[in-house]
Amino acid sequence: MSTKVTYSIPNINCGHCVHTIQSELIELQGVRSVKADLDHHNAIIEFDPPASEDSIKELLASIDYPVAS
Ligand SMILES: [Cu+2]
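Residues numbered from 1 in each chain as written. Predicted model: local features only at pLDDT ≥ 70, side-chain atom pairs only at ≥ 80, totals over all residues. Heavy atoms only, no water.

Thoughts on the overall build of the chain
Note the following rule: By the criteria applied, helices consist of DSSP H or I runs no shorter than four residues and strands consist of E runs no shorter than two, each listed in order from the N terminus. Here the globule rule reads 2.2 Å times residues to the power 0.38, and the radius of gyration is calculated from C-alpha atoms. Exposure is judged per residue with a 1.4 Å probe applied to protein chains only, and the accessible area is read against the type maximum: over 50% gives exposed, under 20% gives buried, and values in between give partly exposed. Here, residues are in contact when the closest pair of their heavy atoms is within 4.5 Å. For the area figures, the Shrake-Rupley method with a 1.4 Å probe applies, and any residue is considered shielded solely by the protein chains shown. For the charge count, each Lys or Arg is scored as positive and each Asp or Glu as negative, with His and the chain ends excluded. Lys charges are placed at NZ, Arg charges at CZ, Asp charges at CG and Glu charges at CD.
Counting its regular elements, the chain contains 2 helices and 3 strands. In the chain, the order of α-helices and β-strands from amino to carboxyl end is β-α-β-β-α. For 69 residues, the compact-globule formula gives about 11 Å, and the C-alpha radius of gyration of the chain, at 11 Å, lands near that figure. A principal-axis box enclosing the C-alpha atoms of the chain has dimensions of 30 × 20 × 20 Å. Counting only residues that meet the buried cut, the chain has 36% of its 69 residues in that class. Contacts in the chain between residues far apart in sequence, at least 24 positions, make up 58% of those at least 6 positions apart. Carbon together with sulfur atoms contributes 49% to the accessible area of the chain, which is approximately 4200 Å² in total. Taking the 4 positively charged and 10 negatively charged side chains of the chain as two groups, their mean positions are separated by 7 Å.

Structural data, given as structure tokens:
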């Protein structure tokens, strides 16, 4: 069964951000689905190995959408 985690991403502030996050994350091997939400400034990500919480957070930080701790 896939892991499903909601990440708080304060930098989401327009539709372009939503699109960027979804299109970059879905390229990560193991990521099953990505739903970025503009209103809630978060993203719900469903994944299996080899994707991990760490690799997802690393990718988000690298594209300037760091996860709030
Ligand atoms: Cu934006």
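There is more to say after this.
Comments concerning unusual backbone geometry
The omega angle of the peptide bond from Pro-49 to Pro-50 is 10°, so this bond is cis rather than trans. Along the chain, Pro-50 turns up in the loop between β3 (42–47) and α2 (53–62). Unusually for a residue other than glycine, His-41 sits at a positive phi of about 50°. Here His-41 is to be found in the loop between β2 (31–37) and β3. For His-41, a relative accessible area of 32% puts it in the partly exposed group.

Observations regarding the coordination of the copper ion
Quick note on the threshold: Only nitrogen, oxygen and sulfur atoms count as donors, using a 2.8 Å cut-off from the metal that widens to 3.2 Å for Na, K and Ca. Water is left out, so coordination shells may look unfilled.
Listed as protein donors to the copper ion are Cys-14 (SG) and Cys-17 (SG); their distances from the metal cover 2.0 to 2.1 Å. By relative accessible area, Cys-14 is classed as partly exposed at 31%.

Overview of the nonpolar core
Rules: Definition used in this section: a nonpolar core is a set of buried Ala, Val, Leu, Ile, Met, Phe, Trp, Tyr and Cys residues joined via side-chain atoms within 4.5 Å.
If you look at the biggest cluster of nonpolar residues, it comprises 20 residues, and the most contacted ones within it are Ile-9, Ile-21, Leu-25, Ile-45 and Phe-47. For this core, the element with the highest residue contribution is helix α1 (residues 15–25), accounting for 4 residues. If near-sequence neighbours (up to four positions away) are discounted, Ile-21 is found in contact with Ile-9, Ile-12, Val-34, Ala-36, Leu-60, Ile-63 and Tyr-65.

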